[in-house]
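# Summary of structural features
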Amino acid sequence: MSVVFDRNAVRSFRFIDCDLDAATGVARLRYAFDDGPELIETVTVPGAPFELDAARLGAATQALRLLHLIAGVSYYKAAAPTDIRIEGYAIDAKTAALLEDVYVHGLGEFAYRNGLDLHGKIRFPHDATATAGAPALDLRTHALVAIGGGKDSLVSIEALRALGIEQTVSWIGGSQLIRVCAERTGLPTLNIGRQIAPELFEYNRQGAWNGHIPVTAINSAILVLAAVLHGVDQVVFSNERSASYGSMIPGTGEVNHQWSKGWAFEKAFVDHVQARVAADLHYYSLLRPLSELAVARQFAKTDRYDAHFSSCNRNFHLLGERPVNRWCGICPKCHFVYLALAPFMPKPRLVSIFGRNLLDDPAQVPGYDALLEYQDHKPFECVGEGRESRVAMAALAKRPEWREDAIVARFAREIAPQLDASELDVAGLLAVEEDAHRIPHALWERLRAHLAA
Ligand SMILES: CC(=O)N[C@H]1[C@@H](OP(=O)(O)OP(=O)(O)OC[C@H]2O[C@@H](n3ccc(=O)[nH]c3=O)[C@H](O)[C@@H]2O)O[C@H](CO)[C@@H](O)[C@@H]1O[C@H](C)C(=O)N[C@@H](C)C(=O)N[C@@H](CCC(=O)O)C(=O)O
Ligand SMILES: Nc1ncnc2c1ncn2[C@@H]1O[C@H](COP(=O)(O)OP(=O)(O)OP(=O)(O)O)[C@@H](O)[C@H]1O
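Rules used throughout
- Residues numbered from 1 in each chain as written.
- Chains lettered and ligands numbered in written order.
- Predicted model: local features only at pLDDT ≥ 70, side-chain atom pairs only at ≥ 80, totals over all residues.
- Heavy atoms only, no water.
- UniProt positions renumbered as here; feature names shortened; annotations may be inferred.
- Helix = DSSP H or I, 4+ residues; strand = E, 2+ residues; numbered from the N terminus.
- Rg over C-alpha atoms; globule rule 2.2 N^0.38 Å.
- Buried < 20%, exposed > 50% of the residue type's maximum accessible area, 1.4 Å probe, protein only.
- Contact = heavy atoms within 4.5 Å.
- Areas by Shrake-Rupley, 256 points an atom, 1.4 Å probe, with all protein chains shown as cover.
- Lys, Arg positive; Asp, Glu negative; His and termini not counted.
- Charge placed at Lys NZ, Arg CZ, Asp CG, Glu CD.
- Domains from an automatic or database assignment.
- Buried area = accessible area lost by both parts, 1.4 Å probe.
- Salt bridge = Lys/Arg side-chain N within 4 Å of Asp/Glu carboxyl O.
- Polar contact = N/O pair within 3.5 Å; in protein donor to acceptor, adjacent residues only side chain to side chain.
- Near = heavy atom within 4 Å.
- Nonpolar A, V, L, I, M, F, W, Y, C, P; charged D, E, K, R; others polar.

Looking at an unreviewed UniProt entry, one finds the chain named UDP-N-acetyl-alpha-D-muramoyl-L-alanyl-L-glutamate epimerase and attributed to Luteimonas terrae. Looking at the Sequence similarities (unreviewed entry) heading of the UniProt record, one finds this comment for the chain: "Belongs to the MurL family." Word for word, the UniProt comment on the chain under Pathway (unreviewed entry) is "Cell wall biogenesis; peptidoglycan biosynthesis."

Our focus in this paragraph is the overall build of the chain. Summing up its helical and strand segments, the chain has 17 helices and eleven strands in all. In terms of C-alpha radius of gyration, the chain reaches 22 Å, essentially the compact-globule figure of 22 Å for 453 residues. Taking all 453 residues of the chain together, 56% fall into the buried category. Put simply, of all contacts in the chain between residues at least 6 apart along the chain, 72% involve residues at least 24 apart. As presented, the chain carries roughly 18,300 Å² of accessible surface, and 50% of it is formed by carbon and sulfur atoms. For the chain, the distance from the average site of its 46 positive side-chain charges to the average site of its 54 negative ones is 3 Å.

Time to look at the domain arrangement of the chain. When the domains of the chain are assigned, the result is domain 1 (12-285) and domain 2 (292-430). Put simply, the middle of domain 1 and the middle of domain 2, counted by C-alpha atoms, are 30 Å apart. On the side of domain 2, 28 residues touch domain 1, which itself brings 34 residues to the contact. The junction of domain 1 with domain 2 conceals about 2,700 Å² of combined surface from both sides, 64% of it contributed by carbon and sulfur atoms. Looking only at domain 1, the three residues that lose the most surface to domain 2 are Lys151, Leu177 and Arg184, adding up to 25% of its buried area. Linking domain 1 with domain 2 are one salt bridge. A salt bridge links Lys151 to Glu292, with the shortest nitrogen-to-oxygen separation between them at 3.0 Å. Between domain 1 and domain 2 we count eight residue pairs in polar contact (both at pLDDT 80 or more) in total. When residues of the side of domain 1 that touches domain 2 are traced back to their parent elements, those giving at least two are α4 (108-114), α5 (151-162), α6 (176-185) and β9 (247-249).

Around ligand 1, a shell composed of 26 residues is seen, among which Lys77, Thr216, His257, Leu318 and Cys382 lie nearest. At 3.0 Å from an oxygen atom of ligand 1 is found a side-chain nitrogen or oxygen belonging to Asn204. Contact between ligand 1 and Thr216: an oxygen atom at 2.6 Å from a side-chain N or O atom of the residue. Of all the secondary-structure elements, those providing two or more residues to the shell around ligand 1 are α7 (199-205) and α8 (215-230). Ranked by residues supplied to the shell around ligand 1, first place goes to α7 with three residues. A class-by-class count of the residues in the shell around ligand 1 yields ten nonpolar, eleven polar and five charged.

Turning to the side chain of Ser310, a few remarks are in order. Its place among the elements puts Ser310 in the loop between α10 (292-299) and α11 (332-341). Within the structure, Ser310 has its side chain in polar contact with the backbone nitrogen of Cys312 (distance 3.1 Å). In this structure the side chain of Ser310 is engaged in a polar contact, spanning 3.0 Å, whose partner is the side chain of Asn315. Discounting chain neighbours no more than four positions away, the residues touching Ser310 are Gly149, Gly150, Leu177, Asn315, Phe316, Arg326 and Trp327.

Neighbouring ligand 2 are 18 residues, the closest being Ser153, Ser238, Lys261, Ser311 and Lys333. One of the backbone nitrogen or oxygen atoms of Ala146 is found 2.9 Å away from an oxygen atom of ligand 2. Between ligand 2 and Lys151, the relevant distance is 2.9 Å, taken from an oxygen atom to a main-chain nitrogen or oxygen of the residue. For ligand 2, the protein covers 91% of the area, taking 580 Å² as the surface of the free molecule. Looking at the shell around ligand 2, the elements that each hand over two or more residues are α5 and β6 (167-172). If one sorts the elements of the shell around ligand 2 by residue count, α5 sits on top with three residues.

Now the structure itself:
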């Protein structure tokens, strides 16, 4: 591929246009820097041909544009110019505000690591007047549930199954690990294809800015489009309450690696979907009322997925296989998930899932210190809050089967004496949060009882 990319020479990022072929389910999202080559991302929704009446076609167009605007973040970041142009259609001020949030906060870690300041520098041009509101589409009651191969989505899937909600287990991309977990559920599945424009990888090789992007926002927009095409009324994610809290960086403030898994994104996104796409389409995170520890407690209730799931992100690279035998054992997610499950599972079961005892390995001390926010900040990963790690560790320190393991013993000896004992109570972190969620009311009444059990 003979493209030359110099991030310092870039002046503008262009949202060229997007289109959807209802006969094949293929959506094309087109972008460019200045007058450079078109960068075309494709998303393929199985189940075509889609028969769309006028109302559903209108909703699909809105959902497609939302996806085009959000997925642009992968390309925008390569040069992060201040001049942003939208060419194929116009957006209104509220849509622009949503996008500015997604780009500024969703690229927060990217900006921090690259020494960039994006605050006040990302402006989406808007000249459309707001529409009157999206119509209801009379969507059928059915949930597209996002699955990521880890524990969280499996907890949601089992909760919906227990409540008798019809669901299709849905994922984006070609991960074999996710496929195996999805098939293990025994439920209908939907695997959506996503091809990033290959030029981006070449741009990366030539020194493009690179870093974390709000991938959950992209996956959310893809599933909203799929829900409209399939005519179903729910898109369900599994983002827990703890995802709303970032890492506190001295001199910088809060930087949240998982911003698009947080409550601020969820609220803004679902408001937009119901106002601009379909009034009766519900996007929600089923685990929002729970902490990571409460999710781990739910997960431990079944061993159905023990031999199949993994939360370790090293499994999920697009480029090339990087087999890690499901759990690498040295990354923050492995550290955290091991610790979070330990209070709720028999030790032999947990050791057998990971193939080793991470809490008895002194080499893992720095990793656990960061999770505990002890002499370090919370890692840039999808892990629980520092107090959740401290509470889990304190619980293990009381258990004969765990308390002599190297990391637990060190915690009890060196860290626990510096902590306020009243903050180490596990019960408070297992409580179900009543208010901050968008779970449909009729479902919430029954779900609350299920999650509290
Ligand atoms: C698997 C992973 O962690 N990837 C991150 C990693 O990417 P890497 O270069 O090592 O390999 P690839 O994943 O194959 O990606 C190649 C390049 O492609 C670009 N890219 C990829 C996906 C995408 O949606 N947009 C993209 O622009 C990017 O330039 C890649 O270099 O490092 C990258 C740079 O820091 C990260 O951007 C990659 O993260 C992926 C987007 C990803 O899917 N990560 C999830 C595992 C992840 O972090 N999930 C979060 C969810 C929170 C949130 O939504 O914010 C989490 O679990 O913490
Ligand atoms: N490839 C994907 N396609 C669709 N949804 C995904 C994909 N990867 C992750 N998700 C969803 O994004 C959300 C955040 O992912 P996350 O990795 O935290 O969840 P998980 O894989 O279910 O559990 P864990 O936290 O144990 O890894 C979840 O709702 C998950 O289902």
